[in-house]
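Listed below are the residues making up each chain.
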Amino acid sequence: MERFRSLPVWGCVALLCALACGSLTGCGALALAINTIRPNDIPAQFKGLENKRVVVVCRPVVELQFSGPNVPRELSRQVAMRLEKGVKKIKLVDEREIAEWVDENNWHSYIEVGKAMKADMVVGIDLEQFQLHQGPTLLQGQAAVNLAVIDVNDGGNRVFTQQIPSTFPNHTPIPISERLESDFRRQFLGVLAEQISRNFYPHDSHADFAGDANLQ
């Protein structure tokens, strides 16, 4: 015990990492140790969704409507699910109500959806690219998102914008023989939803690192 008490702060950090790596394996152990020591160390970039009625809606490029018609709705659902957990006192409009209105109406701007849903804010997701394959035999997701928050009560003013490129996995593609495409799509959508959602609540700076570790 005396040896542990004499260690400086970063010495304790190193010790915890070493202990974790001793009981687990590889990068996953290190990610777990770091996450335990420094959880949610990056603050939200935009806090204006707190205590607001919010619509989350994804608008795909035309080509995507044919190659992955369910992707926009699933991405919206996963983003909303994370916002509900991460943003204080947020009031999310039911995704089924949004999907029904979007399907039945010829809309052109996010503020139209927000007004129809009697929302305060719209989280608008312009999905400009979404693909799963890196060549004919490899899986590697590529996506590009233009993210915007529209203030419905302020005439549709865009109060937050962000461009989000995404590659998953970051380094080594996965052979199609090792993963079902449906499973990979679901996993990639989860990664993309997290990258979008964490703009609105504190998150861990090592989240991407830990995500790569989970692929091993």
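Provided above is the structure to which this section pertains.
The model shown is predicted, which means the values in this text are computed figures rather than measured ones.

Draft legend 1. Examining the nonpolar core more closely. Formed by 36 residues in total, the largest nonpolar core has its most connected members in Leu49, Leu75, Leu83, Ile125, Phe130 and Phe200. Elements with a minimum of two residues in this core: β1 (53-60), α5 (71-86), β3 (121-133), β4 (138-151), β5 (157-168) and α8 (181-197). For leucine 49, the residues in contact, after removing those within four places along its chain, are Val54, Leu83, Val87, Ile90, Met121, Val123, Val149 and Phe200. Membership of the second largest hydrophobic core comes to 15 residues, among which are Val93, Trp107, Tyr110 and Ala119.

Draft legend 2. Structural detail: a positive patch on the surface. On the surface, a cluster of positive charge is contributed by Lys47, Lys88, Lys89 and Lys91. As for its placement among the helices and strands, lysine 88 is situated in the loop between α5 and β2 (91-92). Since its relative accessible area comes to 62%, lysine 88 is described here as exposed.

Draft legend 3. Structural detail: the layout of surface pockets. Size it by volume and the largest pocket reaches roughly 440 Å³. Elements with a minimum of two residues in the lining of the largest pocket: β1, α5 and α6 (95-104). Its residues placed into classes, the lining of the largest pocket shows 10 nonpolar, 4 polar and 4 charged.

Draft legend 4. Structural detail: unusual backbone geometry. The omega torsion of the bond from phenylalanine 168 to proline 169 falls at -10 degrees, within 30 degrees of zero and hence cis. Along the chain, proline 169 turns up in the loop between β5 and β6 (174-175). Located in the positive-phi region is asparagine 51, a residue other than glycine, with phi close to 60 degrees. Looking at where asparagine 51 falls in the secondary structure, it is placed in the loop between α3 (26-37) and β1. Positive phi outside glycine occurs at lysine 89, with the angle close to 55 degrees.

Draft legend 5. A look at the pairing of β5. Summarising the sheet, β4 and β5 pair through 11 bridges and their orientation is antiparallel. Paired with glutamine 142 across the strands is threonine 167, a residue of β5. As consecutive antiparallel partners, β4 and β5 are separated by 5 residues, and within that stretch glycine 155 has a phi angle of approximately 70 degrees, a positive value.

Draft legend 6. Broad picture of the packing of α5 against α8. For the pair α5 and α8, the least separation of the axes is 9 Å and the interaxial angle reads 50 degrees. The pairing of α5 with α8 is recorded here as oblique in orientation. In the crossing of α5 with α8, the sense of the turn from one axis to the other is right-handed. Along its contact with α5, which presents Val71, Glu74, Leu75, Gln78, Val79, Arg82 and Leu83, the element α8 presents Arg185, Arg186, Leu189, Gly190, Leu192, Ala193, Glu194, Ile196 and Ser197. Considered class by class, the residues forming the contact of α5 with α8 number 8 nonpolar, 3 polar and 5 charged.

What counts, and at which threshold
Residues numbered from 1 in each chain as written. Predicted model: local features only at pLDDT ≥ 70, side-chain atom pairs only at ≥ 80, totals over all residues. Heavy atoms only, no water. Core = buried A, V, L, I, M, F, W, Y, C linked by side-chain atoms within 4.5 Å. Buried < 20%, exposed > 50% of the residue type's maximum accessible area, 1.4 Å probe, protein only. Helix = DSSP H or I, 4+ residues; strand = E, 2+ residues; numbered from the N terminus. Contact = heavy atoms within 4.5 Å. Patch = residues over 30% accessible without salt bridge, like charges linked within 9 Å, V, L, I, M, F, W, Y side chains within 5 Å. Areas by Shrake-Rupley, 256 points an atom, 1.4 Å probe, with all protein chains shown as cover. Salt bridge = Lys/Arg side-chain N within 4 Å of Asp/Glu carboxyl O. Lys, Arg positive; Asp, Glu negative; His and termini not counted. Charge placed at Lys NZ, Arg CZ, Asp CG, Glu CD. 1 Å grid on protein atoms, 1.4 Å probe; cavity = no way out; pocket = protein on both sides within 12 Å on 5 of 7 lines; lining within 4 Å. Points joined across faces, edges and corners; volume = space filled by probe spheres on them. Nonpolar A, V, L, I, M, F, W, Y, C, P; charged D, E, K, R; others polar. Pairing = 2+ DSSP bridges. Axes fitted to C-alpha atoms, helices over the stretch in contact; angles between N-to-C directions. Parallel < 35°, antiparallel > 145°, perpendicular 65-115°, else oblique. Left-handed = near helix turned anticlockwise from the far one by under 90°.

Just distances and angles here, no functional claims.
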